[in-house]
Number of protein chains: 2
Amino acid sequence: MNHIVIMAGGIGSRFWPMSTPEYPKQFVDVLGTGKTMIQMTVERFAPLCPIENIWVVTSREYVPIVREQLPDLPSENILPEPAMRNTAPCIAYACWKIRKQDPYANVVVTPADALVLDVNEFRRVIGHALDFTVSGKRIVTVGIKPTRPETGYGYIAAGKIVEETQLMNVDSFREKPALDVAKEYLAAGNYLWNAGIFVWNIDTITESLRTYSPSLASKMDLMSESFYTAEEERTVAEIFPTCEKISIDYAVMEKADYIYTVKGDFGWSDVGTWGSLWTLLPHDADGNAVVGENVHLNDCKGCIVHAPGASSVVLQGLEDCIIVERDGRLLICKLSEEQRIKDFVK
Amino acid sequence: MNHIVIMAGGIGSRFWPMSTPEYPKQFVDVLGTGKTMIQMTVERFAPLCPIENIWVVTSREYVPIVREQLPDLPSENILPEPAMRNTAPCIAYACWKIRKQDPYANVVVTPADALVLDVNEFRRVIGHALDFTVSGKRIVTVGIKPTRPETGYGYIAAGKIVEETQLMNVDSFREKPALDVAKEYLAAGNYLWNAGIFVWNIDTITESLRTYSPSLASKMDLMSESFYTAEEERTVAEIFPTCEKISIDYAVMEKADYIYTVKGDFGWSDVGTWGSLWTLLPHDADGNAVVGENVHLNDCKGCIVHAPGASSVVLQGLEDCIIVERDGRLLICKLSEEQRIKDFVK
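Residue positions are given per chain, counting from 1 as you read along its sequence in written order. Whichever chain is written first becomes A and whichever ligand is written first becomes 1, with later ones labelled in order. Local features in this predicted model are restricted to residues of pLDDT 70 or higher, and side-chain atom pairs are both shown and tallied only at a pLDDT of 80 or more, whereas totals for entire chains, interfaces and linings draw on every residue. Side-chain figures throughout are based on the complete set of non-hydrogen atoms in the structure, without hydrogens or water.

Caption draft 1: Region of interest: the relation of the copies chain B and chain A. Aligned on chain A, chain B shows an RMSD of 0.1 Å; the corresponding rotation is 180 degrees and the shift along the axis is 0.1 Å. Expressed as a symmetry operation, the mapping of one chain copy onto the other fits a two-fold axis. Taking C-alpha positions as the reference, the residue of chain B nearest the rotation axis is Gly328 of chain B, at 3.1 Å. Interface overlap between copies: 100% of the residues of chain B at the interface are likewise at the interface in chain A, consistent with a symmetric, same-surface contact. Copy-to-copy superposition: least squares on the C-alpha atoms, limited to residues that have pLDDT of at least 70 in both copies. Residue contacts follow a heavy-atom distance rule, with two residues in contact if any of their heavy atoms lie within 4.5 Å.

Here's what the structure looks like:
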């Protein structure tokens, strides 16, 4: 059976005050579509498996928000992390849990807060990857066909095509590049953006962690005893915080030699910056992108405004600015300075 | 006995959203001092008469706000105008009402939303004017010693000094001037800003209106029958809205020949523009003036920020802007364009 693991523990500090530690980006209707990022993510995967096979790993404090935003999700499918320990422990917890229930599970792991424009193509590609991982020791990481020399993403160097499939070997992973390097990647043609979406069967991921992160795996074995019992919460609270903070990329992806990629060309964005959000939204003739019903612009150019809850917003004379209002919190900042928002908010 | 009439019916649309039709400027803590404009106005006059002699004329809808902000004011001293009819009917209503109770009253009429920095000097000057009007047919309008060639105020051309007093005859009133004219006024030395503060005894003002606005005076005579009876509200609601919309300047001041002025040099401002508010507030090294506890500026210059209720405001890269937040309403506008705020808000 297919299972989907949605990682929803981020705190989204780059998007303050649209995203706050109390209500981070994955739970926000970032695009003004009427749906939050996590709701769109669940919808995107819904045809691939029954809702009982969708799992959300998140911080304990966000559990009520997940319940509220995903009322159809069985509440036992919400896995609260007692502490933030990066992606490897988060993914391991979900996969050990799934394995105890379904030892033949075929799993997709995805962030909660990315955007996909062509949902049908996305499902086709993910379905293809799932077919490939249903048996055998294979890990697929989804590679996005790059459309610009983006320096904000990691890259996958794709190698040879696996015969009779649309999959390719992964030659290597590359960190976020400098602009000139990103341009070379784009020109080379075999570099893909790393979307952080992984596909594997439950045997492969648990065995991989056992091989490359044995300490993490044995902690999971310990926790696993308690899964689906009254002891689970207490045991997880005790053991999970002792896991090393380590990303799945570092723990497994960069070490195993059975990593493959499938090229996705379905309008993907991690919506990681205001600049990327600006490109995703419709614009007026002056290049302003607005989320919010009650926003009135005068002599403004190239601005992005996010104020869906404001009762009235009147702006005049602003250029290339980010303007965000949420619950009495206000940010105005030049788009060119958005990297500093994290610091401003400290 | 001295009486004070505070006119508090304005809607303050130039200051949206700090000032809104539901809660206009006179009821707002504009300067962040912890006191609203009308509270500061009452305090300023408090030593001149008992609180029972202070009267507030305002729109019916603002009566609850006046009660809340001036809990010591007898509630029968709040005179609700059933309709806005400019200053002459407003002042006439209050003066006819006072006259019925105290035919020898000596009266100061003042706007609710001006600022005075040197309150002691203000009281000295007003006391002087009251001494002058306690008997005889004399109207005093307070003239402010101008400190700049302001084009936003009307001017008083002062004439000869009245012997043994600090009062001067008023030669004429002048409309808001062009800048070059305002400069001439400033250079001439005998021009004063018209603060809209009037001093007269009750006989003088009622007789003056009888002479120069006989229709208004006879409506007041009609209304007066009902004052201090159960019929008052009904009668005022019936007659007051039929009064002509006319200012006291046009109805009396520009017609009578017994108009005097007293020069005030006590740090006065009508706080009529964001620019004037900016000059009244303290500034940081970059010329920013801030009202609000939770405002954080980065690379901002010459801005005025008013967001006392916001839980957090972070600004970056703004120059010479007005930034105002109140109850989910937000205005950002270049200071140079503040005259357009009224239009933006429509």
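Caption draft 2: Up close: the sheet that holds strand S13 (residues 295-298) of chain A. Judged by pairing direction, the sheet is mixed, and its six strands sit side by side in the order S13(A)-S15(A)-S17(B)-S16(B)-S14(B)-S12(B) without closing on themselves. Sheet topology places S13 of chain A together with strand S12 (289-291) of chain B at the edges, where each strand pairs with a single neighbour. Strand after strand, the sheet turns through a mean of 5 degrees between neighbouring axes, direction not considered. Here strand S14 (residues 304-306) of chain B runs beside strand S16 (residues 321-326) of chain B; their pairing, made up of three bridges, is parallel. Paired with Val305 of chain B across the two strands is Ile323 of chain B, which belongs to S16 of chain B. A pair of strands is treated as paired once DSSP finds two or more bridges between them. Going along the chain from the N terminus, every DSSP run of H or I of four or more residues is numbered as a helix, and every run of E of two or more is numbered as a strand. Each axis is a line fitted through C-alpha atoms, and for a helix only the stretch in contact is used; angles between axes span 0 to 180 degrees, taken between their N-to-C directions.

Caption draft 3: Seen up close, the interface of chain B and chain A. Contact with chain B, which involves 26 residues of that partner, is made by 26 residues of chain A. Buried area is calculated as the accessible area (1.4 Å probe) missing from two parts once they are joined, with the contributions of both summed. Interface area, chain B with chain A, both sides summed: about 2,100 Å², of which 58% is carbon and sulfur. Considering only the surface of chain B that becomes buried against chain A, Val314, Gln316 and Leu330 of chain B emerge as the three largest contributors, covering 30% of it. The rule for a salt bridge is simple: a side-chain nitrogen of Lys or Arg has to be within 4 Å of a carboxyl oxygen of Asp or Glu. Remark: the boundary between chain B and chain A carries two salt bridges. Residues Arg340 of chain A and Asp299 of chain B are paired through a salt bridge, measuring 3.0 Å at the closest nitrogen-oxygen approach. Polar contact criterion, stated in full: a pair of N or O atoms within 3.5 Å, where within protein one must be able to donate a hydrogen and the other to accept it, and residues adjacent in sequence count only if both atoms are side-chain atoms. Run the count over chain B and chain A and you get 16 residue pairs in polar contact (both at pLDDT 80 or more). Broken down by element, the residue count for the side of chain B that touches chain A peaks at six residues, all from strand S17 (residues 329-334) of chain B.

Caption draft 4: Representation of helix H7 (residues 214-224) of chain B. Residue and element names in this part refer to chain B. Buried, partly exposed and exposed residues are distinguished by accessible area as a fraction of the type maximum, computed with a 1.4 Å probe on protein chains only: under 20%, between the cut-offs, and over 50%, respectively. Leu216, Ala217, Met220, Met223 and Ser224 are the residues of H7 that are buried. Angular distribution of buried residues about the axis of H7 spans 120 degrees; they occupy a single face of the element. Against helix H3 (87-101), helix H6 (202-212) and helix H8 (232-239) lie the buried residues of H7. The directions considered for the arc are those from the helix axis to the C-beta atoms.

Caption draft 5: Quick look at the pattern of salt bridges. Residues and elements named next belong to chain A. Scanning the model with the defined rule gives 28 salt bridges over all chains in all. The residue Lys97 makes a salt bridge to Glu232 at a minimum N-O spacing of 2.5 Å. Of the two residues, Lys97 is situated in helix H3 (residues 87-101) and Glu232 in helix H8 (residues 232-239); the sequence distance between them amounts to 135 residues. Each member of the pair Lys97 and Glu232 is classed as buried.

Caption draft 6: H6 of chain B, seen in detail. Within the sequence span of H6 of chain B, burial applies to Ile202, Thr204, Ile205, Thr206, Ser208 and Leu209 of chain B. Elements in contact with the buried residues of H6 of chain B: H3, strand S4 (106-111), strand S6 (139-144), strand S9 (191-201), H7 and helix H9 (248-253) of chain B.

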